[in-house]
Each structure stands twice: as structure tokens, then as C-alpha cells.
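# Fold and geometry: a report
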Amino acid sequence: MSKNRRSLFLVIVLITLLSIPIGRFIASHRQPRHGTDISNGRYRPTSGLTNKLFTFPKPITTKTPTSSLDLVSSSTETRSLTTSSKKYNSSKVYIERKQLVQDECKLYKRTKPDDSAIYRRLLVDEKYNFLYCPITKVANTAWRTVMLVLRGSIKSVSELKTGGQVYLYHYRNLGGFSTRDQQARLKGDVTKFVFVRHPFSRLLSAYRDKFEDKPELTFLERYSYVVKRAVGRRDVALRFEFEEFVRYLLKTDPSMYNVHWLPMHLVCHPCFLDYDVMGKYETFDADIDYVMHRINADGVLTFPHFAPHGDRKSVV
């Protein structure tokens, strides 16, 4: 088995073991039939590895070793409504996504975390009346930049020269409000939204960002030690392969993961918080337009362009 195929297999095992309920609707807003492949938004028979969350096709035989497996297509949802010159997904899309997640949550017995653990994840915008749960590697930096413009901290999204500058600003979270105010906001006319991404794509993006492109030395040193220990390496080299990173994750309790690859259901707790909009990285543009329209901010700014560690088709 080639190194690329071996790495892909380990990723499949990892995500299968984690049993992430939020992942199912990311692949398609419709529940796939048993034994079907949902790549490219089309159903076709397959006898690949299956579990309750995903249908995985058998390894694809190809003469080109650098070819990639398209896990999620951005064309899975086509319904839209036209407002002015923009197209917005129908609200029915988001209702279906919510229902699918709720159905999945019923299949899993999960212990509800303390409310404070959920509320401190939610960033608050009082002017445009929304609660946003940021997930790393899913345009988190871009959304934070938008929040800075909306509240008047900066004049435009182009004002910040580097993505890291957004973390120099303070963002108020729901955990900082009184219990009374928390409940008032959650039950009031507030838009609660989160953006998610196919777990495979997000994991690979995190690896490339933190360990491959331009990694921070302290970060690399820390994880080089624990990853090499997990896979039995005794050399002094700092770098490690993606396959080794996956093997380390398989041996580690998910609750101990770094936030950059922490499972999304442990970040934003969709089983315990009723989000109004669940956007997807794979249908990002349409979902962005819908959120901005819903919070009455679609004429205020243009969402910043970004292309972090891969395109929006979520290829591995």
C-alpha cells in the first residue's frame, strides 16, 4: 500500500472511531442510502467501508499517484432564491441541516457539558444581534475580521495585513454575560450560526498549517516529541509525516486534542445548542450570503477572500 493510500486509510479509521455526528450532514444535506457513494453530489452503488456517519468508497485504482479523492462536492445543494443581484440558499436548506443533526444526536448518548463550556465558545455581536461559534480551519479568521468591521474596530477587511492580527482584539463571548442575559439572548431574536467542514479536509488543513507550511517552532517542537513517541521514532528531526500524525491521534483521547483538530462537535456542541444556521465550507459562498442577509449586514461589507490550505471542494 502506498504512503498516500496508507495515510488516507488511517484518516478514515480516525474519523470512524471519533463518530462525529455533525460530520454526516457536511457530506450531504440528504441522508445517503446504505451502500452509496455521495461524492460529486450523486448517488451510485458502492461496496465500500460504511458506518453510521459516512459511506467510504474502496480505494480508487489510478495510474496517477498524485491524484486526489474528492470527498465532498460543492454542488450538493442547488436550491436558492434570488434577492437583488445575489443568490441565497433557501431557508429550507438550513432547516433540513438542523433536522439531520438533531436526528443524529438522538443516536448518540452524550453527556451535556456545563453551560459555561458552551457559552464561552459563542462570540457575541450586539449591534447585528448574532452569536457565532468559531471553528478553526473553517474561515474562523475571516469571520473574526468581519466582526471587527461590523462593530467598528476597523474600517475594512483589508485593513489587517496578516490573519494573526485578528487575535490582538478582544471578542466578547456569551459566557461573560449574566445568567439572565445569557438566557435572554438565547431565547430572543438572535441569529446563532456555525460553519463546519468535512473532517478529513479540516484535519489535513490543520496539519499543513501547523506542521508543513510555516510552522511555529515552539508548536512544532511540542508535537514533534509526542507524535514521534506515539509512533516509536527516536530520531531528533522535528518533521513528521501526515501518516504519523494520524497514528498519534488514534492513540490519543479526543478530549486532549488541540483546538485546531478537536472534533467539531466538541467545539460548538450542536447536540445541545439549537443553531439557526449551519453553514458548510463546501457551500461557503451561498451560506455566507445567507447569514449576512439574515443579520442585515449584506450591504455593509464584502466578505474577505481566503483560500486556506486547499480549495473548497475538500480534497485529500
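Before any of the text, the structure's been laid out above.
Below or above, wherever it landed, is the structure these notes cover. (Residues numbered from 1 in each chain as written. Predicted model: local features only at pLDDT ≥ 70, side-chain atom pairs only at ≥ 80, totals over all residues. Heavy atoms only, no water.)

### So, the state of the cysteines
One pass over the structure, following the stated rule, counts two disulfides. Between the sulfur atoms of Cys-133 and its disulfide partner Cys-268 the distance amounts to 1.9 Å. One quick way to see it: the torsion about the S-S bond of Cys-133 and Cys-268 is about -95°, and its sign makes the bridge left-handed. Here Cys-133 is found in strand E6 (residues 130-133), whereas its partner Cys-268 is found in helix H10 (residues 264-268), with 135 residues between them in sequence. Here the two residues Cys-133 and Cys-268 agree in accessibility, since each one is buried. Indicated for the protein is the disulfide connectivity 1-4, 2-3, based on numbering the bonded cysteines in sequence order. (Disulfide = S-S within 2.5 Å. Helix = DSSP H or I, 4+ residues; strand = E, 2+ residues; numbered from the N terminus. Buried < 20%, exposed > 50% of the residue type's maximum accessible area, 1.4 Å probe, protein only.)

### Things to note about the packing of aromatic side chains
Taken as a whole and assessed by the stated rule, the structure comprises 27 aromatic pairs. Ring geometry for Tyr-132 against Phe-193: centres 5.1 Å apart, planes inclined by 25°, an arrangement best described as stacked. Here Tyr-132, found in strand E6, pairs with Phe-193, found in strand E7 (residues 191-196); they are 61 residues apart in sequence, far enough to count as distant. For Tyr-132, a relative accessible area of 0% puts it in the buried group. Phe-193 gets classed as buried once you look at its relative accessible area, which sits at 0%. Centre to centre, the rings of Phe-211 and Phe-240 are 4.8 Å apart; their planes meet at 55°, and the pair counts as tilted. Residue Phe-211 is found in helix H7 (residues 199-213), and its partner Phe-240 is found in the loop between helix H8 (217-231) and helix H9 (242-250); the two are separated by 29 residues along the sequence. (Phe/Tyr/Trp six-rings, centres within 6.5 Å; stacked < 30°, edge-to-face > 60°.)

### Here's the deal with helix H3 (residues 91-106)
For H3, built from 16 residues, the straight-helix expectation of 22 Å at 1.5 Å per residue is met to within 8% by its first-to-last C-alpha distance of 23 Å. Within H3, the full set of buried residues consists of Val-93, Tyr-94, Arg-97, Lys-98, Leu-100, Val-101, Glu-104 and Cys-105. Taken end-on, H3 shows its buried residues confined to a sector of 160°, consistent with a single buried face. Facing away from the buried side of H3 by more than 90 degrees, the exposed set consists of Ile-95 and Lys-106. (Expected span 1.5 Å × (residues − 1). Arc of directions from axis to C-beta.)

### Here we look at the nonpolar core
Core analysis: the biggest nonpolar cluster contains 73 residues, and Trp-143, Phe-211, Phe-245 and Trp-261 have the highest contact counts within it. Beyond its immediate stretch of four places on either side in the chain, Phe-211 contacts Ala-206, Phe-219, Leu-220, Tyr-223, Arg-239, Phe-240, Phe-245 and Trp-261. (Core = buried A, V, L, I, M, F, W, Y, C linked by side-chain atoms within 4.5 Å. Contact = heavy atoms within 4.5 Å.)

### With respect to the pattern of salt bridges
Taken as a whole and judged by the stated rule, the model has 11 salt bridges. For Lys-112, the salt bridge identified is with Asp-115, shortest N-O distance 3.5 Å. Asp-115 gets classed as partly exposed once you look at its relative accessible area, which sits at 32%. Residue Lys-137 pairs with Asp-209 through a salt bridge whose shortest N-O separation is 2.8 Å. Taken together, the residues span a long stretch of sequence, with Lys-137 in the loop between E6 and helix H5 (140-151) and Asp-209 in helix H7 at a distance of 72 residues. (Salt bridge = Lys/Arg side-chain N within 4 Å of Asp/Glu carboxyl O.)

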